[in-house]
Amino acid sequence: MTRDCNLACLHCCTDSAPHKPFPNELNREEALSIASQIIQAQVPYVLLAGGEPLTVPHFFEIAEALGRGRVYLKVETNGQIFGENEAERLSRLPIRSLQISIDGASQAVYSKMRPGGVLDKTIFACRAAQKFNLPLEITFAPTQINISEASNVIDLAADLGAFRFNSGSLMRIGTAAKLWERLNLSSAEYEKFYNLLERKEKELKGKMEVAFRPFSIEEDLKSKKSAMPATILILPDGRVRVSGFLPYTCADLRKETLIQAWKECQKAYQNPKISTGFDEILKDASVLALANQLRSLETSDLPVMV
Ligand code: SF4
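Keep in mind that what you see is a predicted model, and the values were worked out from it rather than measured.

## Some thoughts on the sheet that holds strand β1 (residues 45–48)
- Strand order in this open sheet of 6 strands is β1-β2-β3-β4-β5-β6, and the pairing throughout is parallel. A single partner strand is all that each edge strand has here, and the edge strands are β1 and β6 (209–211). Along the sheet, successive strands turn relative to each other by an average axial angle of 20 degrees, direction set aside.
- The sheet contact formed by β1 and strand β2 (residues 72–77) spans 4 bridges and is parallel.

Below, the structure is given as structure tokens:
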């Protein structure tokens, strides 16, 4: 919904930060028009994310329009501006998941990962979700800064009534790619983290799902073998991105309808640049650092990922 955010996290994969919207983001009317096309097309499920989607003034209007259209929703938020009013309002909609990120069990670590962030506000957001029976999902991005608190965050998620704890290896995209040396874990640390997740998965079975497979972007790509996903990724300015891992756009909802854009996505997956781009990531994941340098798939004559 926006690239703008009220935090400036070190591990952000969307290059978000305060006062950093895309130059020409969709306005309320344009966003509502896309929501109504989504309903007409009988799309069953929409994920509203950012940046921080709750900073968008028409966030609730969009969510409520989709909800009235019987579209299931997932909302991703950092929980900094989410309280009981917001939870109560969302609880009237067909919400499948409210995903809140918790990247530290102590304020010291949390705010190192999320400068400007207050852990207590996030916990308050989770309790508000719990009070209004929203299905709560917690995500955790492992780094050198917070890995020592991973186990405590998993326990905290379970205490907060989350139905799922979500993690995996850090994505080398956006701000995270720029700070890679400072953030990325060693293979030995990843192995320890993976073992912890396996242990917690057993320990919390029946209480909370511990989700961490596929563990990395590479594993994800290998399992899908470049197949087109059943999703359409709409950027805050209305352009449609072919994949979150590649720097290509294939349509623009300011110029095309949702159905036309969906056909463009299908066409895009026939373009050899897509399978070559995925192959390049599998050869050398550091090329992911270029994934947010967006350009049109059709007009770009640059070699893949350069
Ligand atoms: S990780 Fe989320 S909360 Fe942090 S800057 Fe990025 S979009 Fe904002």
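Picking up after the structure, the text goes on.
## Some details on the domain arrangement of the protein
- For the protein, the assigned domains read domain 1 (28–215) and domain 2 (224–296).
- The interface is formed by 9 residues belonging to domain 1 together with 13 residues belonging to domain 2.
- The greatest single-element share of the side of domain 1 that touches domain 2, amounting to 4 residues, is contributed by helix α1 (residues 28–40).
- Of the residues that constitute the side of domain 1 that touches domain 2, the class distribution is 5 nonpolar, 2 polar and 2 charged.

## Considerations on the packing of α1 against helix α2 (residues 59–68)
- Two elements in contact, α1 and α2, have axes whose closest approach is 9 Å; the angle formed by their N-to-C orientations is 15 degrees. What the angle tells us is that α1 and α2 run roughly parallel. Judged by the sense of rotation from one axis to the other, the crossing of α1 with α2 is right-handed. Judged by residue contacts, Arg 28, Ala 31, Leu 32, Ala 35, Ser 36, Ile 38 and Ile 39 of α1 engage Glu 61, Ile 62, Ala 65 and Leu 66 from α2.

Cut-offs used in this document
- Residues numbered from 1 in each chain as written.
- Predicted model: local features only at pLDDT ≥ 70, side-chain atom pairs only at ≥ 80, totals over all residues.
- Pairing = 2+ DSSP bridges.
- Helix = DSSP H or I, 4+ residues; strand = E, 2+ residues; numbered from the N terminus.
- Axes fitted to C-alpha atoms, helices over the stretch in contact; angles between N-to-C directions.
- Domains from an automatic or database assignment.
- Contact = placed C-beta atoms within 7 Å.
- Nonpolar A, V, L, I, M, F, W, Y, C, P; charged D, E, K, R; others polar.
- Parallel < 35°, antiparallel > 145°, perpendicular 65-115°, else oblique.
- Left-handed = near helix turned anticlockwise from the far one by under 90°.

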